[in-house]
Amino acid sequence: MAALFNVRKALGVVMGRGGVRCFSQLAELPEIHQMLRQTCRDFADRELAPIAAKLDREHTFPAKQVRELGALGVMAVEVPEHLGGVGLDYLAYSLAVEELSRGCASTGVIVSVNNSLYLGPLLKFGSEEQKEEWVTPFTTGEKVGCFALSEPGNGSDAGAASTVARQEGEEWVLNGTKAWVTNSWDASAAIVFATTDKSQKHKGISAFLVPLPHPGVSLGKKEDKLGIRASSTANIILDDCHLPLGNLLGQPGMGFKIAMQTLDSGRIGIASQALGIAQAALDCAADYAHKRTAFGAPIGKMQAIQFKLADMAVAIESARLLTWKSALLRDAKKPFSKEAAMAKLAASEAATFVSHQAMQVLGGMGYVTDMPAERHYRDARITEIYEGTSEIQRLVIANLLLKEYQP
Amino acid sequence: MARVLVGVKRVIDYAVKIRVKPDHSGVVTDGVKHSMNPFCEIAVEEAVRLKEKKVIKEVVAVSCGPQQVQETIRTALAMGADRGIHVEVSGKDYEALGPLQVSKILAALAKKEEAKMVILGKQAIDDDCNQTGQMTAALLDWPQGTFASEVAVEGDTVKVVREIDGGLETIKINLPAVVTADLRLNTPRYATLPNIMKAKKKKIAKVKPADLGVDLTSRVEVLRVDEPPQRQAGGSGTGVESEECTDTQEGLCLGDGPNQGGPVSHGDWDKPEPEPGPEPLCVCDPAPPVSTESEQWDTVL
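Residues numbered from 1 in each chain as written. Chains lettered and ligands numbered in written order. Predicted model: local features only at pLDDT ≥ 70, side-chain atom pairs only at ≥ 80, totals over all residues. Heavy atoms only, no water.

Describing the overall build of chain A
Note the cut-off: Elements are defined by DSSP. Helices are runs of H or I of four residues or more, strands are runs of E of two residues or more, and each kind is numbered from the N terminus. Here the globule rule is a power law, 2.2 Å times the number of residues to the power 0.38, and the radius of gyration is based on C-alpha atoms. Any two residues having at least one pair of non-hydrogen atoms within 4.5 Å are treated as being in contact. For accessible areas, the Shrake-Rupley method is used with a probe of radius 1.4 Å. Any residue's cover is judged against the shown protein chains and nothing else.
Each helix and strand in chain A was counted, giving 12 helices and 10 strands. Taken over C-alpha atoms, the radius of gyration comes to 22 Å for chain A, in line with the 22 Å a tight globule of 407 residues would show. If you line up chain A on its principal axes, its C-alpha atoms span 80 × 65 × 50 Å. In chain A, the proportion of contacts linking residues at least 24 apart, taken out of those at least 6 apart, comes to 74%. Of the roughly 17500 Å² of accessible surface on chain A, 57% is carried by carbon and sulfur atoms.

Okay, here's the thing in structure tokens:
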């Protein structure tokens, strides 16, 4: 009797109080997740936050910190242990990205791109050989990957890929230009989407694994961005890039599906990054509200400031619950695209709203680099654009929503 | 082969603003964030390093308290301890638990587990007692190396460099011994995800103080708990010209007024002054004491 109880209890602990489908996890996280969250928060406070301003000013890739994060296990959260990862779930990944982004948003996106956009499709669509070659070396923080879907001519219109790939004997040859590739200058591999059969339109796109550096592949200049400046963003130019046949990921024509499914999960990562930025901005504003005095009292006593802080907190908390829910649904292997899109939409709009208001609370101090509010404002903006603009998210949500009401 | 017992205490997190209960019987702990005492983290780290150097074979983490201390033990397991012991103490007994009772428990466990060393944090950041290590050593009749900033096991002895008021003191003590960790002993590692996962599988044994023959009766009664006095604004004085005014003159320089200078730099927590209090691991800690000439090698006790 006692043994049975212990087994059930142990299972409950492993699966999180009665199974991953249990939404009581939204109220209190399982112990592993709490410990993981604490580790990431400590790392962010001690290793990332102190250098974030400098990394931003100097556009430096935090190589040392990324290696340390690899040792912590957060560069490959979902990767199974036999491939070098931790074998944890998406809720854990979401918590990790949020806490790290709270310290440094650039580091958050570097971690997110490696986990969701690079390792994600490999885990789902890669063969065993491909996984050994392209996954395991990218779990330690020594190497990071990137995801090349957008082009100068198309972003939201992902089906119009003009980068082409033709088969020549025992090789693929790729030609074209990819744009806005995060991590490009620091990556050792890229997942590149190219059209293999133009007549099939978006069903004629395929995904390829491209090592970096590689003959026939060059990088455009590093974009000079408004925010997340410690992560590199650049074009990837393919000029007769030859790849072995084994570098095709999945089947020919599967590329669009791979991209869309990958972005579904990536949305949870970006939502988490946006939450981290928003939380950092709120922390900054609330702290300031206690200390700054005006008209004889701390400004936190004034309703104008209180209403702002309350709205900020509500925006973050609701976006966080949406994000956790989408992660839990994904972990339970249930459909999660609508919730993930909602999470990304809510979190990114929360990030821009909260960082805007935080700067307002700080007044003049929010506008100068002495305080981190201006960096949060700049970092937040991109979350509404990349990995699916807010407009695309709305389309995704509306489509799935209307399907539910199909007469 | 050698086994080390490490005591870990669950305390209110160092970054939390402490509030006194309205009835002044103690501080508010309900719903307040708790974590492992920072000096205990350093103690665990040192024990795990000794295991990695293959000087000792097993690290056993011990904590006394209610169900929640298991989180603290599990953090120790995630840092590399091999197994845990949860000494169940709850309710009024837990409120009255102090260094005397804990040291009796640790002494009993050290004997039971045949430990070669007991490593503790030098003090806890909630009560600042700095007594448990010393009492445990006395109860066991073992030598002690307290305020350790360096620990080196050499065969059957331990060389301990201690941070004392006058500088650094090096002593050599025989095993088995009690060592208490000071701030600069090491930098505790992060609990990595793989280790957090592994910690789930490590065992935590439960034991009651009565099973160890320990009487928990306290000889101390807390009468009242109050907050430290509120920070006073500086005053404006008359008469001292700016050239003669130095910072050390207590707030009587011209121009000193309340809330001078706007906001404090981001991240600094407002603490009422004077602040003798708890020891977070802080950059503003004084520089380590300079080593004195006379490094004595004493075989103590």
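Once you've had a look at it, read on.
Quick notes on the packing of helix H9 (residues 337–362) of chain A against helix H12 (residues 390–404) of chain A
Each pair of packed helices can be described by the angle between their axes along with the distance between the axes. All names here are of chain A. Stated precisely, the cut-off is as follows: Every axis corresponds to a line fitted to the C-alpha atoms, with the helix fit spanning only the stretch in contact, and the corresponding angles, defined between N-to-C directions, vary from 0 to 180 degrees. Here a crossing is taken to be left-handed if its near helix is turned anticlockwise relative to the far helix by less than a right angle, and right-handed if that turn runs clockwise. Note that Gly is not counted as nonpolar here; it falls among the polar residues with everything else outside the nonpolar set of Ala, Val, Leu, Ile, Met, Phe, Trp, Tyr, Cys and Pro and the charged set of Asp, Glu, Lys and Arg.
Closest axis-to-axis distance for the H9/H12 pair is 9 Å, and the angle between their directions is 145°. Of the two possible hands of crossing, H9 and H12 adopt the one that is left-handed. In this structure, H9 uses Ser337, Lys338, Ala341, Met342, Lys344, Leu345, Ser348 and Glu349 to contact H12, whose residues at the interface are Ser390, Gln393, Arg394, Val396, Ile397, Leu400, Leu401 and Glu404. Looking at the contact of H9 with H12 residue by residue, the class counts come to 7 nonpolar, 4 polar and 5 charged.

Concerning the environment of A:Ala310
Residue and element names in this part refer to chain A. We apply this condition: Note on exposure labels: buried denotes an accessible area under 20% of the residue type's maximum, exposed denotes more than 50%, and partly exposed covers the range between, all computed with a 1.4 Å probe on protein chains only.
Turning to its location among the elements, Ala310 is positioned in helix H8 (residues 303–331). Since its relative accessible area comes to 40%, Ala310 is described here as partly exposed. Sequence separation between Ala310 and Leu69 is 241 residues; the distance between their C-alpha atoms is 33 Å.

Overview of the environment of B:Ile18
Residues and elements named next belong to chain B. Relative to the elements of secondary structure, Ile18 occurs in the loop between strand S2 (10–12) and strand S3 (34–36). Residue classification places Ile18 among the partly exposed residues on the basis of a relative accessible area of 43%. In this structure Ile18 touches Ile12 and Val27, once residues within four positions along its chain are discounted.

Let's talk about the pattern of salt bridges
We apply this condition: We define a salt bridge as a contact between a side-chain nitrogen of Lys or Arg and a carboxyl oxygen of Asp or Glu at a distance within 4 Å.
Tallying each qualifying case throughout the model produces 41 salt bridges over all chains. The residue A:Glu404 makes a salt bridge to A:Lys338 at a minimum N-O spacing of 2.9 Å. With A:Glu404 in helix H12 and A:Lys338 in helix H9, this residue pair connects regions lying 66 residues apart in the sequence. What makes A:Glu404 exposed here is its relative accessible area of 52%. The closest approach of N and O atoms between B:Asp127 and B:Lys9, which form a salt bridge, is 3.1 Å. With B:Asp127 in the loop between strand S6 (117–121) and helix H5 (132–140) and B:Lys9 in the loop between strand S1 (3–7) and S2, the pair connects residues that are 118 residues apart, well separated along the chain. Relative accessible area serves as the criterion here: at 29%, B:Lys9 is assigned to the partly exposed category.

Examining the interface of chain B and chain A
It is common to give the size of an interface as the accessible area that goes away when the parts come together. Basically, it comes down to this: By buried area we mean the combined loss of accessible area, with a 1.4 Å probe, across both parts when two parts are placed together. Under the rule applied, a polar contact is a pair of N or O atoms within 3.5 Å (in protein, one hydrogen donor and one hydrogen acceptor; residues adjacent in sequence only if both atoms are side-chain atoms).
Each partner contributes residues to the interface: chain B has 21 residues there, and chain A has 28 residues. Between chain B and chain A, roughly 2200 Å² of surface is buried when both sides are summed, and carbon and sulfur atoms account for 65% of that area. A salt bridge links B:Lys200 to A:Glu31; its shortest N-O distance comes to 3.3 Å. At the junction of chain B with chain A, the criterion picks out 6 residue pairs in polar contact (both at pLDDT 80 or more). Broken down by secondary-structure element, the contributors of at least two residues to the side of chain B that touches chain A are helix H2 (69–79) and helix H6 (193–199) of chain B. Broken down by element, the residue count for the side of chain B that touches chain A peaks at 5 residues, all from H2(B). The residue inventory of the side of chain B that touches chain A, partitioned by class, reads 9 nonpolar, 7 polar and 5 charged.

Observations regarding H9(A)
Put simply, the rule reads: Between the first and last residue of a helix there are one fewer steps than residues, each counted as 1.5 Å, and that sum is the expected span.
With 26 residues, H9(A) should cover 38 Å at 1.5 Å per step; its first-to-last C-alpha distance of 37 Å lies within 8% of that length. Along H9(A), 19 of the 26 residues are buried, which leaves the element largely enclosed by surrounding structure.

Remarks on unusual backbone geometry
Note the cis peptide between A:Leu212 and A:Pro213, where omega equals -5°. You can see A:Pro213 is positioned in the loop between strand S5 (205–211) and strand S6 (217–219). The phi dihedral of A:Asp240 is positive, around 55°, even though this residue is not glycine. Along the polypeptide, A:Asp240 turns up in strand S7 (residues 233–244). Under the relative-accessibility criterion, A:Asp240 is labelled partly exposed at 38%. Even without glycine at this site, B:Lys54 takes up a positive phi of about 65°. Tracing the sequence through the fold places B:Lys54 in the loop between helix H1 (38–52) and strand S4 (58–65). Residue B:Lys54 is classed as exposed on the basis of its relative accessible area of 69%.

Topic: the UniProt feature "domain: Acyl-CoA dehydrogenase/oxidase N-terminal" (unreviewed entry) in chain A
Quick note on the threshold: UniProt positions are given in the numbering used here, feature names are shortened, and annotations may be inferred rather than shown by experiment.
In this numbering, the UniProt entry assigns the feature "domain: Acyl-CoA dehydrogenase/oxidase N-terminal" (unreviewed entry) to residues 31–142 of chain A. When the span residues 31–142 of chain A is considered, its composition is 71% helix and 0% strand, and the gap between its end C-alpha atoms is 29 Å.

Regarding the confidence of the model for chain A
For the record, the criterion: A score between 0 and 100, pLDDT records how confident the predictor is in each residue.
On average, residues of chain A score 93 in pLDDT, and 94% of them reach the 70 mark or higher. In the predicted structure, residues 1–21 of chain A sits below a pLDDT of 50 and forms 20 contacts with residues beyond four places in sequence or in another chain.

Observations regarding the UniProt feature "domain: Acyl-CoA oxidase/dehydrogenase middle" (unreviewed entry) in chain A
Per the UniProt annotation, the sites labelled "domain: Acyl-CoA oxidase/dehydrogenase middle" (unreviewed entry) are residues 146–241 of chain A. Along residues 146–241 of chain A one finds 0% helix and 50% strand; the C-alpha atoms at either end are 17 Å apart.

Remarks on the packing of aromatic side chains
Residues and elements named next belong to chain A. Rules: Side-chain rings of Phe, Tyr and Trp, where Trp is taken by its six-membered ring, are said to pair if the distance between their centres is within 6.5 Å; with planes under 30 degrees apart they count as stacked, over 60 as edge-to-face, and otherwise as tilted.
Under the criterion given, the structure shown has 5 aromatic pairs over all chains. Summarising the aromatic geometry, the rings of Tyr118 and Phe138 are spaced 4.8 Å apart at their centres and angled 45° between planes, so their arrangement reads as tilted. Here Phe138 lies in the loop between helix H6 (128–134) and strand S1 (144–148) and Tyr118 lies in helix H5 (residues 105–125), a separation of 20 residues in the sequence. Judged by its relative accessible area of 0%, Tyr118 is buried.

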